[in-house]
Amino acid sequence: EMFDVVIQLGAIMAVVVLYFHKLNPFSPKKNHDEKMDTIILWTKVILAVFPAAIIGILFDDWLNDHFYNPPVVAAMLIIENRNKRSRRRPMNDLSRLSYGMALGIGVFQILALIPGTSRSGATILGGILLGCSRTVAAEFSFFLGIPVMFGASLLKIVKFGLAFTSTQLIVLIVGMVVSFLVSIGAIKFLLGYIKKNDFKAFGVYRIILGLLVIVYFAF
């Protein structure tokens, strides 16, 4: 379980590398207004972290004990496939994302505490329902994952302890490196794909995967 969480640090590092300039409020290439916009973006990200962080810290063990099983995972893979858009004209500028919308996306992120639910899927869906374009919802979801996954990884490491064997450490490092390299390509592909397409293909994939999970554990 700790391995599954920690290797996602590789994916988060891919986000940091790809968006380093956009996320860096101290970049010498930015003027004062651009630096302030970056700081404001980070305050929105931190605000959006709180709902899932509070629930996760209080109920992490309980959620794992009650929901970390094949039926729940399969059900969430299948259920989380709504692809509706807001009736309003989608907001295409990340700087126009309000604090209320950021908090709302953070509430959707609570769903990701249930095993089988995609964190990015839940937050992107939340962003779209709240009026964001697919691109803005995806980018904010990526940024939101930075403190979330660092925090989740730290929590698992603290619970596990720092007594790693050399083999365990190598396994973790290899997992993170592979995750980083794959995520670089996956993020670039996803952002290019959603500019012209919706998420129906991903929904079909998750339904098929959920059915395969059911069949596997049934037999």
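Above: the structure in question.
For the structure given in this document, a descriptive report is provided here.

1. Let's talk about the nonpolar core
Counting 35 residues, the largest nonpolar core has Y19, L97, F140, F142, F143 and L144 as its most contacted members. At the level of secondary structure, the elements contributing two or more residues to this core comprise helix 2 (8-18), helix 4 (32-67), helix 6 (99-108), helix 7 (119-129), helix 8 (134-160) and helix 9 (166-194). The element that contributes the greatest number of residues to this core is helix 8, accounting for 10 residues.

2. Here we look at the packing of helix 7 against helix 8
At a minimum axis separation of 8 Å, helix 7 and helix 8 run at an interaxial angle of 135°. Compared by their axis directions, helix 7 and helix 8 come out oblique. Like other packed secondary-structure pairs, helix 7 and helix 8 cross with a definite hand, here right-handed. Two secondary-structure elements touch here, helix 7 through R119, S120, T123, I124, G127 and I128 and helix 8 through R134, A137, A138, S141, F142, L144, G145 and V148. Split by residue class, the contact of helix 7 with helix 8 holds 7 nonpolar, 5 polar and 2 charged.

3. Details of a negative patch on the surface
On the surface, a cluster of negative charge is contributed by D33, E34, D37 and D93. Locating E34 in the fold gives a position in helix 4.

4. Observations regarding helix 9
Along an α-helix, a turn takes 3.6 residues, which lines up residues three or four apart on a common side. In this model, helix 9 (29 residues) spans 41 Å end to end at C-alpha, consistent with the 42 Å of a helix rising 1.5 Å per residue. At S183, helix 9 shows its maximal bend, which comes to roughly 25°. Burial in helix 9 covers these residues: L172, G175, S179, S183, I184, I187, L190, L191 and I194. Turning to helix 9, the residues buried within the fold contact helix 1 (2-6), helix 2, helix 8 and helix 10 (200-218).

5. Section: the packing of aromatic side chains
The full count for this structure, using the stated rule, is 4 aromatic pairs. Both rings, one in Y19 and one in F143, keep their centres 5.0 Å apart while their planes meet at 85°; by these two values the pair is edge-to-face. Pair noted here: Y19 is in the loop between helix 2 and helix 3 (20-23) and F143 is in helix 8, with a separation of 124 residues, a long-range link. For the pair Y216 and F217, a centre-to-centre distance of 5.0 Å together with 85° between the ring planes defines the contact as edge-to-face. By relative accessible area, Y216 is classed as exposed at 63%. Looking at F217, the relative accessible area reads 52%, which means it is exposed. Connected via pairs of aromatic rings, a cluster forms that spans F189, Y193 and F202. We note K44 situated over the ring of Y99; from NZ or CZ to the ring centre the distance is 5.6 Å.

6. Looking at the side chain of K30
Looking at the secondary structure, you find K30 in the loop between helix 3 and helix 4. Of note is the side chain of K30, whose polar atom sits 3.1 Å from the backbone oxygen of K22. A polar side-chain atom of K30 sits 3.0 Å from the main-chain carbonyl oxygen of N24. K30 has contacts with H21, K22, L23, N24, K35 and T38, leaving out every residue within four places of it along the chain.

7. Describing the environment of A122
For A122, the position within the fold is in helix 7. Accessibility expressed as a relative area gives 2% for A122, which makes it buried. Measuring from C-alpha to C-alpha, the distance between A122 and I105 comes to 8.4 Å, with 17 residues separating the pair along the chain.

8. Regarding the environment of L18
Within the fold, L18 resides in helix 2. Residue class for L18 comes out partly exposed when judged on its relative accessible area of 32%. When residues no more than four places from it in sequence are discounted, the contact partners of L18 are I184, I187 and K188.

Criteria and thresholds
- Residues numbered from 1 in each chain as written.
- Predicted model: local features only at pLDDT ≥ 70, side-chain atom pairs only at ≥ 80, totals over all residues.
- Heavy atoms only, no water.
- Core = buried A, V, L, I, M, F, W, Y, C linked by side-chain atoms within 4.5 Å.
- Buried < 20%, exposed > 50% of the residue type's maximum accessible area, 1.4 Å probe, protein only.
- Helix = DSSP H or I, 4+ residues; strand = E, 2+ residues; numbered from the N terminus.
- Axes fitted to C-alpha atoms, helices over the stretch in contact; angles between N-to-C directions.
- Parallel < 35°, antiparallel > 145°, perpendicular 65-115°, else oblique.
- Left-handed = near helix turned anticlockwise from the far one by under 90°.
- Contact = heavy atoms within 4.5 Å.
- Nonpolar A, V, L, I, M, F, W, Y, C, P; charged D, E, K, R; others polar.
- Patch = residues over 30% accessible without salt bridge, like charges linked within 9 Å, V, L, I, M, F, W, Y side chains within 5 Å.
- Areas by Shrake-Rupley, 256 points an atom, 1.4 Å probe, with all protein chains shown as cover.
- Salt bridge = Lys/Arg side-chain N within 4 Å of Asp/Glu carboxyl O.
- Lys, Arg positive; Asp, Glu negative; His and termini not counted.
- Charge placed at Lys NZ, Arg CZ, Asp CG, Glu CD.
- Expected span 1.5 Å × (residues − 1).
- Bend = angle between axes of the 7 residues up to and from the residue.
- Phe/Tyr/Trp six-rings, centres within 6.5 Å; stacked < 30°, edge-to-face > 60°.
- Lys NZ or Arg CZ within 6 Å of the ring centre and 35° of its normal.
- Polar contact = N/O pair within 3.5 Å; in protein donor to acceptor, adjacent residues only side chain to side chain.

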